[in-house]
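Now for the letters of each chain:
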Amino acid sequence: MENKSPLSPHIQIYRWHISSLVSISHRITGIINIAAITLICIWVSFLTLGETNYDLIDFFFKSILGKFFVIGLTWSFSFQTLSEIRHLIMDMGYGYELKTTRISGLAVIFGSFILTILIYFLGKFFF
Amino acid sequence: MVQINLPKNSEVKKGKYYKDQTGSDNIRKVNVYRWDPSTEENPRLDTYEVDMNNCPSKVLDILNKIKNEIDPSLAYRRSCAHGVCGSCAMNMGGKNGLACTTSHEEIDGDLDIYPLPHLNVKRDLIGDLDGLYKQYQSIEPWLKTTSKTNSTEIYQSKKDREKLDGAYECIMCACCSTSCPSYWWNGDKYLGPAVLLQAYRWIVDSRDDERKARLKKVADELKLYRCHTILNCTSACPKGLNPAKAIAEIKKMLATSNI
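Residues numbered from 1 in each chain as written. Chains lettered and ligands numbered in written order. Predicted model: local features only at pLDDT ≥ 70, side-chain atom pairs only at ≥ 80, totals over all residues.

### Focus on the overall build of chain A
Then step 1. Within chain A, the regular secondary structure consists of four helices and zero strands.
Then step 2. Along chain A, from the amino end to the carboxyl end, the secondary structure elements read α-α-α-α.
Then step 3. The C-alpha radius of gyration of chain A comes to 20 Å, more than 25% above the 14 Å expected for a compact globule of 127 residues.
Then step 4. Expressed along its principal axes, the backbone C-alpha trace of chain A runs to roughly 65 × 40 × 25 Å.
Then step 5. For chain A, the proportion of its 127 residues judged to be buried stands at 20%.
Then step 6. Considering only intrachain contacts with a sequence separation of at least 6, the fraction spanning at least 24 residues in chain A is 76%. (Helix = DSSP H or I, 4+ residues; strand = E, 2+ residues; numbered from the N terminus. Rg over C-alpha atoms; globule rule 2.2 N^0.38 Å. Buried ≥ 20, exposed ≤ 12 C-beta atoms within 10 Å, placed from the backbone. Contact = placed C-beta atoms within 7 Å.)

As structure tokens, this is what we get:
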């Protein structure tokens, strides 16, 4: 009888809202960032092996895929940073009212795109 | 463990279709999760056409109407019908709540009704809450005092009493705990929002003498810190309480005391 009874549906049916979306995105961007940092470290160590390696990396970053990759990572880092700030504020016990969490969640989502654009132009015009 | 897919025996199949018999011009389709323990079959989603011209405003009214007029085999828990007992907690339109206080007009389109998520189903909309009640028992939700000589009541100032506001109103309907993804994946160890809100209620009670012991008891990687502020709990609570904030307060107390 006991093992026969089914498990009721959970993530399949539960409606998403801003806070749950930000929470899962925080995890996903976290994993992406760890992989990205590891990759960057490997690239940097490649550079120590000589000029030809630099050309290879330079070629990749100038391709469309490479640009998408860099902009994607910039967004991922922006999102993680803003979401982490939101987490820090919440850990201090603030911002738990439903309305506040919705506003702060939206701020993280839109802020991450704005920050990405800002970093893009910062890189384009100042470096 | 994170288990996204349902086990084989829990996959929801297409169920029966109950066509409207009243000839009403105001029909709403209501999809209800059904499972009969007396058969070997998988759960199914039955669809009922309900005459909304003669139906009061809440989801529970729809269920009563289905049970009384269309299909008497439907099983669900209900008692007070006024949001006080917490019996009719279920998942409506993808969100947990009490069927007796949730207006069906709030939900757009077809109305989907499921039992509370990630529970062993006993029948139709009835989930097994034994695990949650055991966890509730484990936090010892009663007043503890070391004094053996005190023969009068223990006084509490108005200010201390105010600390219990937002915690004592909980009716243990389990809407919050069963809405929490962390509780879905680690429900055997993580206490979940409902129980942690009650743990908080006893930790901050000025009359209780075992504050430190209570704090120590919940200070556990799995029991407490599985809360990742997803806030499904707070948005689900039919009484407008804030379990996520209570959990944050417990974390804060632990961080600022040397326990």
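Still more ground to cover, so stick around.
### Re the sheet that holds strand β6 (residues 111–114) of chain B
Residue and element names in this part refer to chain B.
Then step 1. Overall, mixed pairing links the six strands, which are arranged β1-β3-β2-β6-β4-β5 in an open sheet. Every other strand in the sheet has two partners, leaving β1 (13–18) and β5 (95–98) as the edge strands with one partner each. Direction aside, the axes of adjacent strands within the sheet are offset by 30° on average.
Then step 2. Here strand β4 (residues 89–92) pairs with β6 via two bridges, running antiparallel. Note on β6: the bridge partner recorded for Asn 91 is Tyr 114. (Pairing = 2+ DSSP bridges. Axes fitted to C-alpha atoms, helices over the stretch in contact; angles between N-to-C directions.)

### Considerations on the interface of chain B and chain A
Then step 1. If you look at the interface, chain B gives 40 residues, while chain A gives 22 residues.
Then step 2. Breaking the side of chain B that touches chain A down by element, the ones donating at least two residues are β6, β7 (121–123), α4 (181–186), α7 (232–236) and α8 (243–256) of chain B.
Then step 3. Broken down by element, the side of chain B that touches chain A gets its largest block of residues, five residues, from α8(B).
Then step 4. Residue composition of the side of chain B that touches chain A, by class: 19 nonpolar, 15 polar and six charged. (Nonpolar A, V, L, I, M, F, W, Y, C, P; charged D, E, K, R; others polar.)

### Brief notes about the packing of helix α1 (residues 18–47) of chain A against helix α4 (residues 98–126) of chain A
Residues and elements named next belong to chain A.
Then step 1. Two numbers describe how α1 lies on α4: the axes approach to 8 Å, and their chain directions differ by 45°. Taken together, the axes of α1 and α4 lie oblique to each other. In the packing of α1 onto α4, the handedness of the crossing is left-handed. In this structure, α1 contributes Ile 18, Ser 19 and Val 22 to the contact, and α4 contributes Thr 101, Arg 102, Gly 105, Leu 106, Val 108 and Ile 109. (Parallel < 35°, antiparallel > 145°, perpendicular 65-115°, else oblique. Left-handed = near helix turned anticlockwise from the far one by under 90°.)

### Here we look at the environment of Leu222(B)
Residues and elements named next belong to chain B.
Then step 1. Looking at the secondary structure, you find Leu 222 in the loop between α6 (211–218) and α7.
Then step 2. The spatial distance from the C-alpha of Leu 222 to the C-alpha of Asp 188 is 9.5 Å, given a sequence separation of 34 residues.
Then step 3. Those residues in contact with Leu 222 that sit more than four places away from it in its chain are Asn 186, Lys 189 and Tyr 190.

### Considering the domain arrangement of chain B
All names here are of chain B.
Then step 1. Here chain B is partitioned into domain 1 (8–127) and domain 2 (130–256).
Then step 2. On a C-alpha basis, the centroid separation for the pair domain 1 and domain 2 is 31 Å.
Then step 3. Facing the 14 residues of domain 1 at the interface are eleven residues of domain 2.
Then step 4. Of the residues forming the side of domain 1 that touches domain 2, the biggest block, four residues, is contributed by β5.
Then step 5. In terms of residue class, the side of domain 1 that touches domain 2 is built from seven nonpolar, six polar and one charged. (Domains from an automatic or database assignment.)

### With respect to the pairing of strand β2 (residues 27–34) of chain B
Then step 1. Examined bridge by bridge, β2(B) and strand β3 (residues 44–51) of chain B share eight bridges and lie antiparallel to one another. Paired with Arg34(B) across the bridge in β3(B) is Arg44(B).

### Observations concerning the pairing of β3(B)
Then step 1. Summarising the sheet, β1(B) and β3(B) pair through four bridges and their orientation is parallel. From the neighbouring strand, Tyr17(B) faces β3(B), where its bridge partner is Thr47(B).

### Concerning the environment of Ala255(B)
All names here are of chain B.
Then step 1. Take Ala 255: it is sitting in helix α8.
Then step 2. With 10 C-beta atoms packed within 10 Å, Ala 255 lands in the exposed category.
Then step 3. For the pair Ala 255 and Val 32, spaced 223 residues apart in the sequence, the C-alpha separation amounts to 45 Å.

### A closer look at the nonpolar core
All names here are of chain B.
Then step 1. Within the largest apolar cluster, 64 residues are counted, with the highest numbers of intra-cluster contacts made by Met 90, Ala 99, Leu 196 and Ala 199.
Then step 2. Here this core takes eight residues from helix α5 (residues 192–203), the largest share from any one element.
Then step 3. Two domains each put at least three residues into this core: domain 1 (8–127) and domain 2 (130–256).
Then step 4. Sequence-distant contacts of Ala 199, defined by excluding residues within four places in its chain, comprise Ile 139, Leu 191, Arg 214, Val 218 and Ile 250. (Core = buried A, V, L, I, M, F, W, Y, C linked by C-beta atoms within 7 Å.)

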